[in-house]
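# Descriptive analysis of the structure
Each chain is listed here by its residues.
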Amino acid sequence: MTDQPLPSLPMTATVEGANPPPGGGGSSEGSGGAGQRRGKLAAAFSTMMLLIGGLAFGACIALLGGYATRLASEVGGGGNPAADAVAPAAHGAAHGAASGAASGAASSALSDQAAMAVPGDTASISRFGRAAADITVLHVGVAMVESEPLGARPEQGFFVVVKVKVVATGISFDVSSYDFDVLEPDGSPAPRATPVTAWKPPLYAARLSLAGSTGGALVFDAPARHGLVAYAPHGVPLVEWRF
């Protein structure tokens, strides 16, 4: 009996995702599946990039808006009196430390407990929690007549003479003689105390830029020899110097 070779069985192999052999013998089903996955990945990537871009744009807008608001609050001396605060610091051992400091919160700035100081003390004014200006009362005195030949006499009884210096510590700060007032010794308003133009040079109204300074004399025709000189912008006393 003669051995005869068995007929060979046909065999094929498909490797999914592999490049088809030369002549196009690869599987069209495998190539189509890979193309669909790549399309889905590309769409997901595009969606993710759009989302990230939108979030970044919104964050930039919010940041710029907050900065613009803070900048607008600093430019110009006007504003909300509730945002102003004062922290007096004594200059020189002879004067001692000021007896208190108001916080930057609105409740402190609007309270009837203004910070107390004495001549020579510097009051550091802040606005919206940021440095605004340093105000120093150099001298508070009482006179019965103007310090010049044929000087006038006060109508109410006494000239209260206040010499001040103001230095801006923020971007911009407005100051004028109308920011100061004379109060009774107990802190109540002195309705008959009126500002006059005696004693030169007077404190002129000014808008100070950063590190800019001004100074001059404030003179009040007051009915009493003793009382308080108050820095009271917007009518709210922030710091008071006793005389």
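Please refer to the structure placed before this passage.
The following refers to the structure shown. Keep in mind the model is a prediction, meaning the values are calculated, not measured. (Residues numbered from 1 in each chain as written. Predicted model: local features only at pLDDT ≥ 70, side-chain atom pairs only at ≥ 80, totals over all residues. Heavy atoms only, no water.)

## Description of the overall build of the protein
Looking only at helices and strands, the protein features two helices and 12 strands. Every one of the 243 residues in the protein was classed for burial, and the buried ones make up 34%. In the protein, the share of contacts with a sequence separation of at least 24, taken over all contacts with a separation of at least 6, comes to 67%. For the protein, the exposed surface amounts to about 14,900 Å²; the carbon and sulfur share of it is 62%. (Helix = DSSP H or I, 4+ residues; strand = E, 2+ residues; numbered from the N terminus. Buried < 20%, exposed > 50% of the residue type's maximum accessible area, 1.4 Å probe, protein only. Contact = heavy atoms within 4.5 Å. Areas by Shrake-Rupley, 256 points an atom, 1.4 Å probe, with all protein chains shown as cover.)

## Some points on the layout of surface pockets
What the largest pocket holds in volume is close to 270 Å³. If you go around the largest pocket, you meet 15 residues; those closest to its centre are Ser177, Pro195, Val196, Thr197 and Leu218. It is strand β10 (residues 213-222) that contributes the most residues to the lining of the largest pocket, four residues altogether. Across the lining of the largest pocket, the residue classes tally to 13 nonpolar, two polar and no charged. (1 Å grid on protein atoms, 1.4 Å probe; cavity = no way out; pocket = protein on both sides within 12 Å on 5 of 7 lines; lining within 4 Å. Points joined across faces, edges and corners; volume = space filled by probe spheres on them. Nonpolar A, V, L, I, M, F, W, Y, C, P; charged D, E, K, R; others polar.)

## Let's talk about the packing of aromatic side chains
In total, this model carries two aromatic pairs according to the counting rule given. Centroid distance Phe159 to Trp199: 5.3 Å. Interplanar angle 75 degrees. Geometry classified as edge-to-face. One end of the pair, Phe159, is in strand β5 (residues 158-168); the other, Trp199, is in the loop between β8 (194-196) and β9 (206-209), with 40 residues separating them in the sequence. You'll find Phe159 and Trp199 in the same group, each marked buried. Each ring, one from Phe180 and one from Tyr231, has its centre 5.4 Å from the other, and the planes form 55 degrees; the classification is tilted. Remark: Tyr231 occurs in strand β11 (residues 228-231) and Phe180 occurs in strand β7 (residues 180-183); sequence separation between them is 51 residues. Each member of the pair Phe180 and Tyr231 is classed as buried. (Phe/Tyr/Trp six-rings, centres within 6.5 Å; stacked < 30°, edge-to-face > 60°.)

## So, the environment of Val236
Within the fold, Val236 resides in the loop between β11 and β12 (239-242). Spatially, the C-alpha atoms of Val236 and Ala114 are 8.8 Å apart, while their sequence positions differ by 122 residues.

## Side note on the pattern of salt bridges
Throughout the structure, instances matching the rule amount to one salt bridge. Of the charged contacts, one joins Asp174 and Arg207 as a salt bridge, the two residues approaching to 2.7 Å between their closest N and O atoms. With Asp174 in strand β6 (residues 172-175) and Arg207 in strand β9, this residue pair connects regions lying 33 residues apart in the sequence. (Salt bridge = Lys/Arg side-chain N within 4 Å of Asp/Glu carboxyl O.)

## Observations regarding a nonpolar patch on the surface
A cluster of nonpolar side chains, namely Met48, Met49 and Ile52, defines an oily patch on the protein surface of about 300 Å² accessible area. For Ile52, the location among the structural elements is in helix α1 (residues 28-74). Overall, the relative accessible area of 46% leaves Ile52 in the partly exposed class. (Patch = residues over 30% accessible without salt bridge, like charges linked within 9 Å, V, L, I, M, F, W, Y side chains within 5 Å.)

## Here we look at the environment of Val118
Here Val118 is to be found in the loop between β2 (115-117) and β3 (122-127). By relative accessible area, Val118 is classed as partly exposed at 31%. The spacing of Val118 and Leu228 is 110 residues in sequence and 9.8 Å in space, taken between C-alpha atoms.

## A look at the sheet that holds β2
Read across the open sheet, the four strands follow the order β2-β12-β11-β7; overall the sheet is mixed. Edge positions in the sheet fall to β2 and β7, since each of these pairs with one other strand and no more. Shown here is a sheet whose adjacent strand axes are inclined to one another by a mean of 30 degrees, direction ignored. Sheet topology places β11 next to β12; four bridges connect them, and they run antiparallel. Considered in β12, the bridge of Leu228 is made with Arg242. (Pairing = 2+ DSSP bridges. Axes fitted to C-alpha atoms, helices over the stretch in contact; angles between N-to-C directions.)

## Quick notes on the nonpolar core
Judged by nonpolar contacts, the single largest core of 32 residues is most densely connected at Val160, Val162, Phe173, Phe180, Tyr231 and Trp241. When neighbours within four sequence positions are excluded, Trp241 is seen to be in contact with Ala117, Val118, Pro119, Asp121, Ala123, Ile135, Val137, Gly227, Leu228, Val229 and Tyr231. Within the second largest apolar cluster, seven residues are counted, among which are Ala143, Ala198, Trp199 and Ala217. (Core = buried A, V, L, I, M, F, W, Y, C linked by side-chain atoms within 4.5 Å.)

## Describing the environment of Ile135
Inspection of the secondary structure assignment puts Ile135 in strand β4 (residues 130-143). The exposure class of Ile135 is buried, given its relative accessible area of 0%. Sequence spacing of Ile135 and Val175 is 40 residues, and the spatial spacing of their C-alpha atoms is 9.9 Å. Ignoring any residue separated from it by four or fewer positions in sequence, one finds Ile135 in contact with Asp121, Thr122, Ala123, Ile125, Lys165, Val166, Phe180, Tyr231 and Trp241.

## Examining the pairing of β12
Relative to β12, β2 is paired through three bridges, and the arrangement is parallel. Its bridge partner being in β12, Ala115 is matched across the sheet by Val239.

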